[in-house]
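If you want the building blocks of each chain, they are given just below.
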Amino acid sequence: MGVWDETLARAKRTLRLDSVRSKVVALAAVAMLLPLLATLLSTRRAEPPLSDSVTHELGNVSAEAARLTDAWVDERLADLRATANSYVVSENLARLGRGGQSAQALTRLREHINAARERCAGCETLVVADARGHTVAASAGRTGGMQLGDRVNSLRTGDAILGEPAWDAGLGRPVVVLAVPVRDADGRLVGALSGKVSLRAIGELLQRLPLGPQGDAFLMTDQGKVVAAARGSAAELMHTRLSKPTLESLYEKEDTVVTYRRGDGLEVLGTVRRVSRLRLAAVAELPRTEAGRASTSRPGAGPIVAALVVGAAMLAGGLGVLVLRPIGRLAEAAARVASGDLTVELPAGGAGEIGYVTQVFNSMVVRLREREAQGELERLSVTDALTGLYNRRHLMGTLANEVQRSRRLRRTFSVLLADVDHFKQYNDAHGHLVGDAVLVKVSEILRKMTRAVDSVARYGGEEFVVMLLETTIATAAIVAERIRGRVAEETFEGGSITLSVGGAEYPTHGDTPEELIASADAAMYRAKSEGRNRVALAHEAAVPREREKRKRR
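Values in this document were obtained by computation on a predicted structure and should not be read as measured data. Throughout this document, residue positions are counted from 1 along each chain, in the order its sequence is written. Only residues with pLDDT of 70 or above have their local features reported here, since the model is predicted, and side-chain atom pairs are shown and tallied only from 80 upward, although totals for entire chains, interfaces and linings are computed over all residues. Excluded from the side-chain calculation are hydrogens and water; included are all heavy atoms of the structure.

K.L.:
Whenever I open this one, empty space enclosed by the protein confuses me. Can you help?
P.N.:
In this approach the atoms are scanned with a rolling probe the size of a water molecule, which exposes any empty space left behind. Put plainly, a pocket is an open set of points on a 1 Å grid over the protein atoms alone with protein on both sides within 12 Å along at least five of seven lines, a cavity is a set where a 1.4 Å probe fits but cannot get out, and a lining residue has an atom within 4 Å of a point. Grid points are joined across faces, edges and corners, and a volume is the space filled by probe spheres set on the points. According to the stated counting rule, one finds one cavity of 30 Å³ or more in the structure shown. Here the largest cavity is characterised by a volume of approximately 30 Å³. Leu416, Ala418, Leu446, Val466, Ala480, Ile483 and Val501 are the residues that line the largest cavity. Going through the elements one at a time, strand S12 (413-420) and helix H15 (473-489) are the ones with two or more residues in the lining of the largest cavity. Classification used: nonpolar for Ala, Val, Leu, Ile, Met, Phe, Trp, Tyr, Cys and Pro, charged for Asp, Glu, Lys and Arg, polar for all others including Gly. Taken together, the residues of the lining of the largest cavity sort by class into seven nonpolar, no polar and no charged. Secondary structure elements follow DSSP: runs of H or I of four or more residues count as helices, runs of E of two or more count as strands, with numbering from the N terminus.

Here you go:
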């Protein structure tokens, strides 16, 4: 630390300026002396030029309009991804072209996307296309301009397609076509879900901006076509276009005030900010006469000095309320968010830096809530609602990945298929609630008796599958016997419960997920035929085959 730094630190300690409150009080005292000093010296501080203040105000409005548009696009893409990630879309899309399954799959696709369209804010039409970009199903609404064609290939590596904003003559409003990929359980692209989304909601967002009584904000295309605005009807917007010289002036001096004449002859001041997510630009403008009136209505120097003296006397108490209280609220809210509470929402902080920070904080919390909700949706899509274990769809994808890894590394792993003995009779005798409690407790035992690297899933009904990584069939038999014994010792509400467990090893008993499951299933049914409550292993020479559905006894 230098001599100057040490002197400054010593002065702060002497004046007790370590806290924010003491600094505010000191600032208020200085603010009281400055107007008096200015009067004694007969000097006058120059006002900032008009263009600086207008640039600041209009620049903030155009930047906020661009940010709101980007956030709106992200929300619509999130809605589309939630629909596209549903197994209803991927599985029924895969069934198209399979003879008797096609008609039923197409009906389910249409029902699903019609229901999704009702939940998607602003979505006029939803369309499902196959991997070649051909439309296979559409919801209610007009589908014009939604054909993807070869553009669907870009979704093999990308996460979305954002179309060109344009006017839809049939709807009488501006729209944009957004598309997201549809992938199967193995991550392969099987199609795309596209939505025609109305831009009308963006106009409603622009109305919330601090425009003033004569200001305006709007979105325009690269050709100057206005597609959404805070003021004006849809019919007026359809015929509104900025001239080429005006466009060139605005784009050449982005974020800088430009003077130009609108189509109605009114001279205005405007700034532009490009929207990153769409090929649009946000424009904020103010009539030149309004800006001039604001500059000529300033009071004289005498009243200003008097007002400053009176205001500075009240600043010591008032500044603490105006500045320290919002900062305190921000600090308290930040602490709650850090502890995991995402229900925090601060009241609007008004204009200025504190207001902007408050808006950014609220926006950050909203995005954290959306991310948490999205994570919950993703978790629900791969887990069983009753037991919390992985579901069958996730299991088959995990098995497929492990087969590829084990084949590449020349390693082995084992699969156990466990079935609750006499579960149907137990369910009929004690009721479904008691039966559900049995499945939950068996799931907890399976989870506790396996390693964190293993995968436990509910295969269906009362059947469970355990994938044991890098485990031979001999070790798998020991694990299976421990699980069987633990369940047999457990006390259940309706009496004792036992398991029949079948085991199979990769690649000895199958080199695909389906063959491994079939081998373990055959071994499990052999255990049942030998008296239940036992473990059986797949025969090495057995040829796995798809098992037939059997009615539990």
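K.L.:
Quick question: what am I supposed to make of the side chain of Asn92 here?
P.N.:
Along the polypeptide, Asn92 turns up in helix H4 (residues 87-95). The classification of residues rests on relative accessible area computed with a 1.4 Å probe and restricted to protein chains. Under 20% of the type maximum is buried, over 50% is exposed, and intermediate values are partly exposed. Overall, Asn92 belongs to the buried group, its relative accessible area being 4%.

K.L.:
I tried to follow the side chain of Ser414 on my own but got confused; where do I start?
P.N.:
Relative to the helices and strands, Ser414 is located in strand S12. What makes Ser414 buried here is its relative accessible area of 0%. Side-chain atoms alone can form a polar contact between residues adjacent in sequence; in general such a contact is a pair of N or O atoms within 3.5 Å, and within protein one must be able to donate a hydrogen while the other accepts it. One polar contact links the side chain of Ser414 to the main-chain carbonyl oxygen of Thr471, over a distance of 2.7 Å. At a separation of 3.3 Å, a polar atom in the side chain of Ser414 contacts the main-chain carbonyl oxygen of Thr472. Only heavy atoms matter for contacts: two residues are in contact if any of them lie within 4.5 Å across the pair. Excluding its chain neighbours within four sequence positions, the residues that come into contact with Ser414 are Val466, Met467, Leu468, Thr471, Thr472, Ile473, Ala476, Ala504 and Glu505.

K.L.:
Looking at this model, I keep getting lost on the sheet that holds strand S15 (residues 499-506). Mind explaining?
P.N.:
One open sheet accounts for five strands, arranged S13-S14-S12-S15-S16; its pairing is mixed. Edge positions in the open sheet fall to strand S13 (455-460) and strand S16 (535-537), since each of these has one partner strand only. Sheet twist, expressed as the mean angle between neighbouring strand axes with direction ignored, is 20°. As paired elements, S12 and S15 share eight bridges and run antiparallel to each other. Across the sheet, residue Ala418 finds its bridge partner in S15, namely Val501. Lines fitted to the C-alpha atoms define the axes, with helices restricted to the stretch that makes contact. Angles between their N-to-C directions range from 0 to 180 degrees. Against the sheet, helix H14 (residues 432-448) contacts S12, S13, strand S14 (463-468) and S15, and its axis sits at roughly 10° relative to S14. Contacts from H15 reach S12, S14, S15 and S16, with the element oriented near 165° to S15. When DSSP finds two or more bridges between a pair of strands, those strands are recorded as paired.

Read these as layout, nothing more, since geometry by itself doesn't imply function.
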